[in-house]
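Residues per chain are reported as follows:
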Amino acid sequence: MMPLRTKRLILRNWRESDRELFHLINSDDRVMEFFPMRRGRADSDQMMDQLADGIARNGFGLAAIEIAATGETAGFAGLNATRNVPGVADGTVEIGWRMAPQFWGKGIGSEAARVWRDFGFDQLGLERIISFAVAGNHRSTAVMRRIGMTARPELDFDHPNVPQSHPQLIRHVFYEMLPDDPRS
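The text that follows walks through the structure, step by step, so that each part is easy to find. Since the structure is predicted, the reported quantities are computational estimates derived from the model, not experimental observations.

Considerations on the nonpolar core
Turning to step 1, where the next piece is worked out: In terms of nonpolar packing, the biggest core is built from 47 residues, with Trp-14, Ile-65, Leu-79, Ile-95 and Trp-116 touching the most fellow members.
Turning to step 2, where the next piece is worked out: For this core, the element with the highest residue contribution is helix H3 (residues 108-123), accounting for seven residues.
Turning to step 3, where the next piece is worked out: Residues Val-85, Val-88, Phe-132 and Phe-174 belong to the second largest nonpolar core, which totals six residues.

If you want it as structure tokens, here you go:
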């Protein structure tokens, strides 16, 4: 993938120097509040390697967000093929993001998501982009609305991969966007 850019951000494949930040965002209780598990360093490194390989192979994926002015890695955003989402065909493309807390509240997630949304529709020719989150994850659903996605409550679902030991994380809300929908 060629890096995607905005005035503030560079969206690029992962580098060795990103490992510490990637582990932080996958193990931090605040970042992972709506996920049933935290990743140790080895699991985090393995996940980052898989993401980097997928980006190299497919030309897109969950890519690093770099702050252009400082070179800091803030987190990740990108497009990802779904698996095991009730009511959705495997391979449907979802948009997602995750950032370190020090970068929250600065519009970085929305800015990165808009670039990936446009890439998905304009470069990949996608017919639909979806996103979903735990029902109480208002930060993520706010990003979904900011980039022009529409809530589809009739498609909300109980996530089959969330263990019963975390009942507050089971219910997920569903959003989608089509190529002709207004983009914000």
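So, helix H2 (residues 41-58)
Given 3.6 residues to a turn, an α-helix orients residues that are three or four positions apart in the same direction.
Turning to step 1, where the next piece is worked out: Along its 18 residues, H2 runs 25 Å from first to last C-alpha, staying within 8% of the 26 Å computed at 1.5 Å per residue.
Turning to step 2, where the next piece is worked out: Of the residues making up H2, those classed as buried are Ser-44, Met-47, Met-48, Leu-51, Ala-52, Gly-54 and Ile-55. Along the long axis of H2, the arc covered by the buried residues comes to 160 degrees, so they all point the same way. For H2, the exposed residues lying more than 90 degrees away from the buried face are Ala-42, Ala-56 and Arg-57.
Turning to step 3, where the next piece is worked out: Packing partners of the buried residues in H2 comprise helix H1 (19-27) and strand E3 (62-67).
Turning to step 4, where the next piece is worked out: Once H2 ends, the next one or two residues include Gly-59, with phi positive near 85 degrees.

What counts and what doesn't
- Residues numbered from 1 in each chain as written.
- Predicted model: local features only at pLDDT ≥ 70, side-chain atom pairs only at ≥ 80, totals over all residues.
- Heavy atoms only, no water.
- Core = buried A, V, L, I, M, F, W, Y, C linked by side-chain atoms within 4.5 Å.
- Buried < 20%, exposed > 50% of the residue type's maximum accessible area, 1.4 Å probe, protein only.
- Helix = DSSP H or I, 4+ residues; strand = E, 2+ residues; numbered from the N terminus.
- Expected span 1.5 Å × (residues − 1).
- Arc of directions from axis to C-beta.
- Contact = heavy atoms within 4.5 Å.

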